[in-house]
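# Examining the three-dimensional arrangement
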Amino acid sequence: MTFKSTYISISINIPRDKVYQFASNPENFSKWLAFVKSVSKQTDTIWSAESDLGKIEIELSPKNEFGIIDHVVKLPDGTKVYNPLRVIKNGEGSEVTFTLFKLPETTDKDFAVDAESVKADLQTLKDILESTN
């Protein structure tokens, strides 16, 4: 079984390495992810976070040279959600792409709301990075 999915992408006029460095650092999550309020390190790849959903756990892919920031979010009820996130080179800048999956229990309306939230988060990431350069 596969899930319906959508790709949400934004171009950022900052080199890929700088975007990856900022976006993959969990200490920056509360700056650009609206639902994350604070994070604390558990291990090199596992972080706990206070969020709009309650206490969550975020397991990140290890640092890598490919711009992969895939992560699994463990929700308060124990559900684990896989979130593919990529930062790729786009000319002199970057393209950040998030794959959003529609899980079976998610309504079409909630899926659309989730997609808008991801778009807003990526826009915040762009605004932060481009305003500091």
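Everything discussed here concerns the structure shown above.
To start, this report covers the structure provided alongside it. All residue numbers refer to positions counted from 1 along the written sequence of the respective chain. Only residues with pLDDT of at least 70 are given local features in this predicted model, and only at 80 or more are side-chain atom pairs given and counted; all residues enter the totals for whole chains, interfaces and linings. To obtain the side-chain values, all non-hydrogen atoms of the structure were used and water was disregarded.

## Let's talk about the nonpolar core
Throughout this description, the term nonpolar core refers to a set of buried Ala, Val, Leu, Ile, Met, Phe, Trp, Tyr and Cys residues connected via side-chain atoms within 4.5 Å. When a residue's accessible area, from a 1.4 Å probe over protein chains only, is under 20% of the maximum for its type it is buried; when over 50% it is exposed; and in between it is partly exposed. Residues I12, W32, V96 and L125 are the most contacted members of the largest nonpolar core, which totals 30 residues. Secondary structure elements are defined from DSSP: runs of H or I of at least 4 residues count as helices, runs of E of at least 2 residues count as strands, and each element is numbered from the N terminus. Of all elements in the fold, only β1 (4-12), α1 (16-23), α2 (29-32), β3 (46-51), β4 (54-60), β7 (85-90), β8 (93-102) and α3 (108-131) reach the threshold of two or more residues within this core. Ranked by residue count, the leading element in this core is α3, at 6 residues. By definition, residues are in contact when any of their heavy atoms lie within 4.5 Å. Beyond its immediate sequence surroundings of up to four residues, I12 is in contact with V19, G93, S94, V96, L125, K126, L129 and E130.

## Focus on the pattern of salt bridges
Working definition: two side chains of opposite charge can pair if their charged atoms are close together. In what follows, salt bridge is the name for a side-chain nitrogen of Lys or Arg lying within 4 Å of a carboxyl oxygen of Asp or Glu. Per the counting criterion, the structure on display carries 7 salt bridges. Of the charged contacts in the structure, one is a salt bridge between D17 and R16, with a shortest N-O distance of 3.2 Å. The residue D52 makes a salt bridge to K37 at a minimum N-O spacing of 3.2 Å. Residue D52 is found in the loop between β3 and β4, and its partner K37 is found in strand β2 (residues 36-41); the two are separated by 15 residues along the sequence. What makes K37 partly exposed here is its relative accessible area of 47%.

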